[in-house]
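Overview (structure and organization)
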Amino acid sequence: MARKWLEADADRTLPVVSPVDGSVIGGVHEYTHDEIDQVFATAQRARARWSARPLTERTDLLHRFADLLAENAAEVADVLMMEVAKACKDAKDEVVRSADYIRHTAEDAKRIIGETQFSDSYPGQARNKLAVVHRVPLGTVLAIPPFNYPVNLAVSKIAPALVTGNAVVLKPPSQGALSALMMCELAYQVGIPPEVLQVVTGRGSRIGDYLVQHPGVDLITFTGSSQTGADLARKAGMVPLLLELGGKDPAIVLGDADLDAAASDIVAGAFSYSGQRCTAVKRVLVIDSVADDLVAKIVERTARLTVGDPRSNAQITPLVDPESAAGAERMTKDAVAAGAVLVHGGGRDGNLVQPTVVDHVTEEMDLAWVEPFAPVLPVIRVRSAAEAIRLANRSEYGLQAAIFTNDIDIAIQIAARLDVGTVQVNGRTARGPDHFPFLGTKASGMGTQGVRPSIEAMTRVKSLVVNLREKDLTTSV
Ligand code: NAP
Ligand code: G3H
């Protein structure tokens, strides 16, 4: 059993520093290559026994894990809040949401049924073969979640992998590792074998390449930046990949939209968790004739956001690192220098970025295309729905898009032309509810997650073909 993080030694301990107050809140062990080899060897030895256990034993364990996680939501959330500067209430919601996800996955796994096929449904074939098609686990799943949902995006990989009989090697984000480890401890407490849920800690930049190229990996499920995802895909070779990557989700607002409702959704979509969500509204494409009204309503709502400490539930909290904050500030300044108009915010104090709205952004500015992962919202004014579609699709990303209009026919026509995984009509871009399929096109990802799609992605079809021989039923057997 490799649970090195429990015995972190001073030499190989990676400190976890809180973005809230700069204090060191813990440390995790930095795994060596040899230790990683041992982890995969242990997983490989343990997984056959795990997948041979009756499905209901695995689902019962997952239910108990979910219950214990929910019971300990406040404790896990406290650590999560300090590790990634997520507002206290949102941190707790993340843990409770994760328990819900585990339960739903356990239930859905029981409803995965195979199929049978006779050969004579294909031209020229007699009815002499029967295929029994069922799903089997892939083996060992390497799960790499990002800092912004260290518990939830770990659980959404772990639960479907375990319930279907895989072993998991979890590489948590360095910022978020403590809460992910607490979550795994709860899994062990209910009886999930540590050998099939192993945790490897250390900086992705140091151990990532070794992990993703390890011969013990049978599937990589990764959520993070498009750059890391693309790099990983190049290195991983012939291993199935599930990639959930970056986004630049547009909110398209048409002339007939309910502007109050649209503004509320846009502000919630752009600024929750300080814009550090792949699905955040990252640009507004608004029809010229209503742009002044919409911007005024967005600014009015943005001005009401509370800014400060996650412990007091502020809505805008410090970003995960000062580099992200400095990058967001630079992008805002560049846009304003090029002619955009700063209509709210723009300030920064260390890694705390004021909620910022920049109007009259144009195609020539980085802010129109780059994902800041910060509370910075660009507004681009357009003349027609066709121009909004063109700008939406010009992005390298294709995660989600939102359309605000009272004309459902137009909404459906626009949605059909948007190259994204999901289009929200009259609602903000968001992943949940978590059993909905979640995917991105282009640089936003590969493969589909959710509950059922994740279960399917972590298993493969296996066919048992019974060759039927004609028997004389009149003679005794
Ligand atoms: P990131 O820097 O790509 O890191 C994501 C994870 O990958 C972390 O666990 C990180 O470990 C690890 N990692 C880093 N370098 C690696 C390497 N060379 N090989 C293997 N793993 C490596 O992303 P992030 O900053 O945590 O998250 C922000 C980005 O993720 C944004 O672009 C956002 O849009 C995207 N995101 C997408 C989704 C989605 O579902 N589409 C969800 C959340 C976030 P360390 O922490 O140790 O560096
Ligand atoms: O950051 C990426 C997450 O998958 C987004 O989830 O839409 O529930 O915030 P969310």
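Residues numbered from 1 in each chain as written. Chains lettered and ligands numbered in written order. Predicted model: local features only at pLDDT ≥ 70, side-chain atom pairs only at ≥ 80, totals over all residues. Heavy atoms only, no water.

**With respect to the site of ligand 2**
- Neighbouring ligand 2 are the residues Arg-97, Asn-148, Tyr-149, Arg-277, Cys-278, Thr-279, Ala-430, Arg-431 and Phe-438.
- Here an oxygen atom of ligand 2 and a side-chain polar atom of Asn-148 are 2.8 Å apart.
- Between ligand 2 and the protein, one listed contact pairs an oxygen atom with a backbone N or O atom of Cys-278 at 2.7 Å.
- When grouped by side-chain class, the residues that make up the shell around ligand 2 number 4 nonpolar, 2 polar and 3 charged. (Near = heavy atom within 4 Å. Polar contact = N/O pair within 3.5 Å; in protein donor to acceptor, adjacent residues only side chain to side chain. Nonpolar A, V, L, I, M, F, W, Y, C, P; charged D, E, K, R; others polar.)

**Here we look at the packing of aromatic side chains**
- Inspection of the entire model under this criterion finds 1 aromatic pair.
- Taking the centre distance of 5.9 Å and the plane angle of 85 degrees together, the rings of Phe-147 and Phe-373 count as edge-to-face. With Phe-147 in the loop between strand E5 (140-144) and helix H5 (152-163) and Phe-373 in the loop between strand E15 (356-359) and strand E16 (376-382), this pair connects stretches of sequence that are 226 residues apart. Neither Phe-147 nor Phe-373 differs from the other in exposure class; each is buried.
- Between the NZ or CZ atom of Lys-86 and the centre of the ring of Tyr-273, over which it lies, the distance is 4.7 Å. (Phe/Tyr/Trp six-rings, centres within 6.5 Å; stacked < 30°, edge-to-face > 60°. Helix = DSSP H or I, 4+ residues; strand = E, 2+ residues; numbered from the N terminus. Buried < 20%, exposed > 50% of the residue type's maximum accessible area, 1.4 Å probe, protein only. Lys NZ or Arg CZ within 6 Å of the ring centre and 35° of its normal.)

**A short note on the site of ligand 1**
- Around ligand 1, the surrounding shell holds 28 residues, and the nearest of these are Ser-174, Gly-204, Thr-228, Leu-245 and Glu-371.
- In this structure, Leu-245 approaches ligand 1 through a main-chain N or O atom, which is 2.5 Å from a nitrogen atom.
- Burial of ligand 1 by the protein chains amounts to 85% of its free accessible area of 900 Å².
- Counting residues per element, the ones that place at least two in the shell around ligand 1 are helix H7 (204-212) and strand E8 (219-223).
- In terms of residue count, the dominant contributor to the shell around ligand 1 is H7 (4 residues). (Areas by Shrake-Rupley, 256 points an atom, 1.4 Å probe, with all protein chains shown as cover.)

**Thoughts on the domain arrangement of the chain**
- One can read the domain layout of the chain as domain 1 (4-245 + 445-463) and domain 2 (250-425).
- At the interface, 18 residues of domain 1 touch 17 residues of domain 2.
- Of the roughly 1400 Å² buried at the junction of domain 1 and domain 2 (both faces included), carbon and sulfur atoms supply 61%.
- Run the count over domain 1 and domain 2 and you get 1 salt bridge.
- In this structure, Arg-311 engages Asp-21 in a salt bridge whose closest nitrogen and oxygen atoms are separated by 3.9 Å.
- On the surface where domain 1 and domain 2 come into contact, there are 6 residue pairs in polar contact (both at pLDDT 80 or more).
- Those elements giving two or more residues to the side of domain 1 that touches domain 2 turn out to be helix H3 (73-84) and helix H4 (88-110).
- Considering each element in turn, the side of domain 1 that touches domain 2 owes the most residues, 3 residues, to H3.
- Grouping the constituent residues of the side of domain 1 that touches domain 2 by class yields 11 nonpolar, 3 polar and 4 charged. (Domains from an automatic or database assignment. Contact = heavy atoms within 4.5 Å. Buried area = accessible area lost by both parts, 1.4 Å probe. Salt bridge = Lys/Arg side-chain N within 4 Å of Asp/Glu carboxyl O.)

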